[in-house]
Amino acid sequence: MTLTRRESMKLMALAGLATTIPGCMPSDVDRAAERVAEASRQLPLADRVPTVLTAHEYRTVEVLVDYIIPADDRSGSATDAGVPAFIDFILEDTDDVETPFRGGLSWLDYQCTRRYGGVFVDASPDDQVDMLNAIAWPENVEPGMEPGVRFFTMLRDLTASGFWSSRMGVEDLGYTGNRPQASWDGCPPEAMAHLGLGHVDTT
């Protein structure tokens, strides 16, 4: 079975990505998601002024997260779901995340300036993709690019956690919450087959 990038990200989020971010607990993810929802009720998230990131850093994050989760025919992009605001709230509330994250943004701009003559957001889409391909695949990283890999891994995890803890992300999963069932007919045959389990006759 081949997974799309969106499906792969979904599985990682469901596995509890928050625990892979140094200093960030699931409760931090929940709190940041609640703050995004509250902020979106007060004004459009596109008009939100970040509290930790600079305007330039915030714009860079908007571009980056939409490369990780772009809009498609199922849902909007990571920015549409409020992921940049989610990340800003995480940086505000969680110790030991701000410095490596903002350091990673600075590293990215330095590398883009050295390679393409300008910071990441000013680079062409082709150059942006070229830069991200250099840091998105840890098993193929060139010497000297390890800081970028660590930053991109953190960014990817934050993006997945932010997206799939948002209303848009929950709807993307198709999760409808706990609902009462009139009857229980057992595990569907398709699910049993997927698990490699045969039919069990309990009568």
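Use the structure listed above.
Treat the numbers as computed from the prediction; the structure is a model and nothing was measured.

K.L.:
What am I meant to see in the packing of helix α5 (residues 98-116) against helix α6 (residues 125-133) here?
P.N.:
Where α5 contacts α6, the axes come no closer than 11 Å and their chain directions differ by 120°. Judged on the interaxial angle alone, α6 and α5 are oblique. In this structure, the crossing between α5 and α6 has a hand that is right-handed. Contacts between α5 and α6 pair Trp107, Leu108, Gln111, Cys112, Arg115 and Tyr116 from the former with Asp127, Asp130 and Met131 from the latter. Its residues assigned to classes, the contact of α5 with α6 comprises five nonpolar, one polar and three charged.

K.L.:
Can you walk me through α5 in this structure?
P.N.:
Working note: α-helix, 3.6 residues per turn, so residues spaced by three or four point in the same direction. For α5, spanning 19 residues, the distance from its first C-alpha to its last is 27 Å, which sits close to the expected 27 Å at 1.5 Å a residue. Turning to α5, the residues buried within the fold contact α3 (55-68), α4 (83-93), α6 and α7 (146-164). Note on α5: the residue one or two positions beyond its end, glycine 117, has a positive phi of about 85°.

K.L.:
Would you take a moment to explain α6 for this structure?
P.N.:
Every buried residue of α6 is accounted for by Gln128, Met131 and Leu132. When α6 is viewed along its axis, its buried side chains cluster within an angular range of 95° and face the same direction. Residues of α6 that are buried make contact with α3, α5 and α7.

Criteria and thresholds
Residues numbered from 1 in each chain as written. Predicted model: local features only at pLDDT ≥ 70, side-chain atom pairs only at ≥ 80, totals over all residues. Heavy atoms only, no water. Axes fitted to C-alpha atoms, helices over the stretch in contact; angles between N-to-C directions. Helix = DSSP H or I, 4+ residues; strand = E, 2+ residues; numbered from the N terminus. Parallel < 35°, antiparallel > 145°, perpendicular 65-115°, else oblique. Left-handed = near helix turned anticlockwise from the far one by under 90°. Contact = heavy atoms within 4.5 Å. Nonpolar A, V, L, I, M, F, W, Y, C, P; charged D, E, K, R; others polar. Expected span 1.5 Å × (residues − 1). Buried < 20%, exposed > 50% of the residue type's maximum accessible area, 1.4 Å probe, protein only. Arc of directions from axis to C-beta.

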